[in-house]
Amino acid sequence: MTLGILALTAAALFTGAAFYISFAEHPARSRLDDRAQLQQWAPAYARGAQMQASLAVIGFVLGLATWWQTRDELWIVGAIVLVANWPYTMLMIMPVNRELKAIPLDDAGEESSALLQRWGRLHARRTMLGAVATLLMFWAAAVPAHAS
């Protein structure tokens, strides 16, 4: 069960980071002027993406290993939901990221502000995926499949 606790920890860390971004960092950034929003978003996203991508993969591998050991489907479902953040990010968020990165700071304005608001809504969905994965893994850890 040690692998399961580690999987749950990775999922919870992912979710906590995503929650912070969605409910603290991004709303605070949204109060800045257009240029400052864009300027702050670029390095924050680069650092956050590395951390969250790593946590999603680590949580997935550990969840998969726990499922292999226990055969409790909640572990594999939680692992899949957590790693679903990768394709979701590639398909939904990366196009917005590319548009934002292409805007020079001096051209920040209505377009960049609208894109950042869209990015925030898309990121909130990543937060939800993380929360669902965390809850599934917590449920698996709290009520093991072999318990009657």
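Refer to the structure above for everything that follows.
Calculation notes
Residues numbered from 1 in each chain as written. Predicted model: local features only at pLDDT ≥ 70, side-chain atom pairs only at ≥ 80, totals over all residues. Heavy atoms only, no water. Helix = DSSP H or I, 4+ residues; strand = E, 2+ residues; numbered from the N terminus. Buried < 20%, exposed > 50% of the residue type's maximum accessible area, 1.4 Å probe, protein only. Axes fitted to C-alpha atoms, helices over the stretch in contact; angles between N-to-C directions. Parallel < 35°, antiparallel > 145°, perpendicular 65-115°, else oblique. Left-handed = near helix turned anticlockwise from the far one by under 90°. Contact = heavy atoms within 4.5 Å. Patch = residues over 30% accessible without salt bridge, like charges linked within 9 Å, V, L, I, M, F, W, Y side chains within 5 Å. Areas by Shrake-Rupley, 256 points an atom, 1.4 Å probe, with all protein chains shown as cover. Salt bridge = Lys/Arg side-chain N within 4 Å of Asp/Glu carboxyl O. Phe/Tyr/Trp six-rings, centres within 6.5 Å; stacked < 30°, edge-to-face > 60°. Lys NZ or Arg CZ within 6 Å of the ring centre and 35° of its normal.

Student: Looking at this structure, how should I read the side chain of Ser112?
Tutor: The residue Ser112 is located in helix α5 (residues 110–142) in this model. Ser112 sits in the buried class, given a relative accessible area of 1%.

Student: Help me understand the packing of helix α2 (residues 34–70) against helix α4 (residues 85–101) in this model?
Tutor: How two helices sit against one another is set out by the angle between their axes and by the gap between those axes. Between α2 and α4, the least distance of the axes is 12 Å, while the angle of their chain directions is 165°. One way to sum up the angle between α2 and α4 is to call them roughly antiparallel. Like other packed secondary-structure pairs, α2 and α4 cross with a definite hand, here left-handed. Across the interface between the two elements, Leu38, Trp41, Tyr45, Ala53, Ala56 and Val57 of α2 pack against Trp86, Thr89, Met94, Asn97, Leu100 and Lys101 of α4.

Student: I would appreciate a short explanation of unusual backbone geometry in the present structure.
Tutor: Phi is mostly negative for residues that are not glycine, and the peptide bonds are mostly trans. Of note, Arg71 is a non-glycine position whose phi angle comes to about 60°, a positive value. Looking at the element boundaries, Arg71 is found in the loop between α2 and α3 (73–83). By relative accessible area, which is 42% here, Arg71 ends up partly exposed.

Student: Where do I start with a nonpolar patch on the surface in this structure?
Tutor: On the surface, Val57, Val61, Trp86, Met90, Leu91 and Met92 cluster together into a nonpolar patch covering about 560 Å² of accessible area. Of all the secondary-structure elements, those providing two or more residues to the nonpolar patch are α2 and α4. Per-element accounting of the nonpolar patch gives the leading share, four residues, to α4.

Student: For this particular structure, what's the right way to read the packing of aromatic side chains?
Tutor: Aromatic ring pairs are reported here in terms of the distance separating the ring centres and the angle at which the planes meet. Taken as a whole and assessed by the stated rule, the structure comprises five aromatic pairs. Each ring, one from Trp41 and one from Tyr45, has its centre 5.4 Å from the other, and the planes form 20°; the classification is stacked. Residue Trp41 and its partner Tyr45 are located together in helix α2, separated by four residues, close to a single helical turn. The buried category is assigned to Trp41, whose relative accessible area is 1%. On the numbers, 6.0 Å between centres and 65° between planes, the contact of Trp67 with Trp68 is edge-to-face. The partly exposed category is assigned to Trp67, whose relative accessible area is 21%. The rings of Trp41, Tyr45 and Trp119 are connected pair by pair, giving a single aromatic cluster. The ring of Trp67 is capped by Arg71, whose NZ or CZ atom sits 4.7 Å from the centre of that ring.

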